[in-house]
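Coordinate inspection notes
Read off the chains here:
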Amino acid sequence: LSGYPQAAAAIFLMSLKPATVVHEFMHVAGFLHETNHPDFPQNERCDNYAPPPAALPPGRNIFELDLASVLNPCRNTSRLSTGDIQALRTVYGDK
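Summarised in this report is the structure supplied together with it. (Residues numbered from 1 in each chain as written. Predicted model: local features only at pLDDT ≥ 70, side-chain atom pairs only at ≥ 80, totals over all residues. Heavy atoms only, no water.)

Some words on the side chain of Glu-34
Mapping Glu-34 onto the fold places it in the loop between α2 (18-28) and α3 (82-92). Buried within the structure, Glu-34 lacks any salt-bridge partner; its nearest side chain of opposite charge belongs to Arg-75, at an N-O separation of 9.6 Å. Here Glu-34 is in contact with Phe-40, Glu-64, Leu-65, Asp-66, Ser-69, Leu-71 and Asn-72, once residues within four sequence places are set aside. (Helix = DSSP H or I, 4+ residues; strand = E, 2+ residues; numbered from the N terminus. Buried < 20%, exposed > 50% of the residue type's maximum accessible area, 1.4 Å probe, protein only. Lys, Arg positive; Asp, Glu negative; His and termini not counted. Salt bridge = Lys/Arg side-chain N within 4 Å of Asp/Glu carboxyl O. Contact = heavy atoms within 4.5 Å.)

Okay, structure coming up:
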């Protein structure tokens, strides 16, 4: 496949889990992990993720903590939470 970069990219994209695609889409839309929220429980641990030691500076979080978000690395879902939808509508409008 080295001579066919488009085919390699297509195979890579097809191998992604829907939850990963939705999660990464939210990053492209400009949103950060819920673990960066100052209210994220510091004792929360996932199988493959530990929250960062410091939260974002005050004023950087304009939304309430949403543990159901696709941007909570402790969750593995492709379903946008109510908070995810509200955040997208707040930033990009309801079109």
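Brief notes about the packing of aromatic side chains
Summed over the entire model, instances satisfying the criterion amount to one aromatic pair. Here the aromatic rings of Phe-31 and Phe-63 are separated by 6.1 Å at their centres, their planes lie at 50°, and the arrangement is tilted. Remark: Phe-63 occurs in the loop between α2 and α3 and Phe-31 occurs in the loop between α2 and α3; sequence separation between them is 32 residues. Exposure remark for Phe-63: the relative accessible area of 26% places this residue in the partly exposed category. (Phe/Tyr/Trp six-rings, centres within 6.5 Å; stacked < 30°, edge-to-face > 60°.)

As for the nonpolar core
Listed in full, the seven residues of the largest apolar core are Met-26, Ala-29, Phe-31, Val-70, Leu-71, Ala-87 and Leu-88. When sequence neighbours within four positions are dropped, the list of residues in contact with Val-70 reads Val-22, His-23, Met-26, Arg-75, Thr-77, Ser-78, Arg-79, Leu-80 and Asp-84. (Core = buried A, V, L, I, M, F, W, Y, C linked by side-chain atoms within 4.5 Å.)

Looking at α2
Taken together, the buried positions of α2 are occupied by Ala-19, His-23 and Met-26. Along the long axis of α2, the arc covered by the buried residues comes to 55°, so they all point the same way. Turned more than 90 degrees off the buried face of α2, the exposed positions are Pro-18, Phe-25 and Val-28. Against α3 lie the buried residues of α2. Residue Gly-30 follows α2 closely and has a positive phi angle near 105°. (Arc of directions from axis to C-beta.)

Observations regarding the environment of Ala-29
On the secondary structure map, Ala-29 appears in the loop between α2 and α3. A sequence separation of 59 residues divides Ala-29 from Leu-88, and the C-alpha atoms of the two residues are 8.1 Å apart. If we skip the residues at most four places from it in the chain, Ala-29 touches Leu-88 and Tyr-92.

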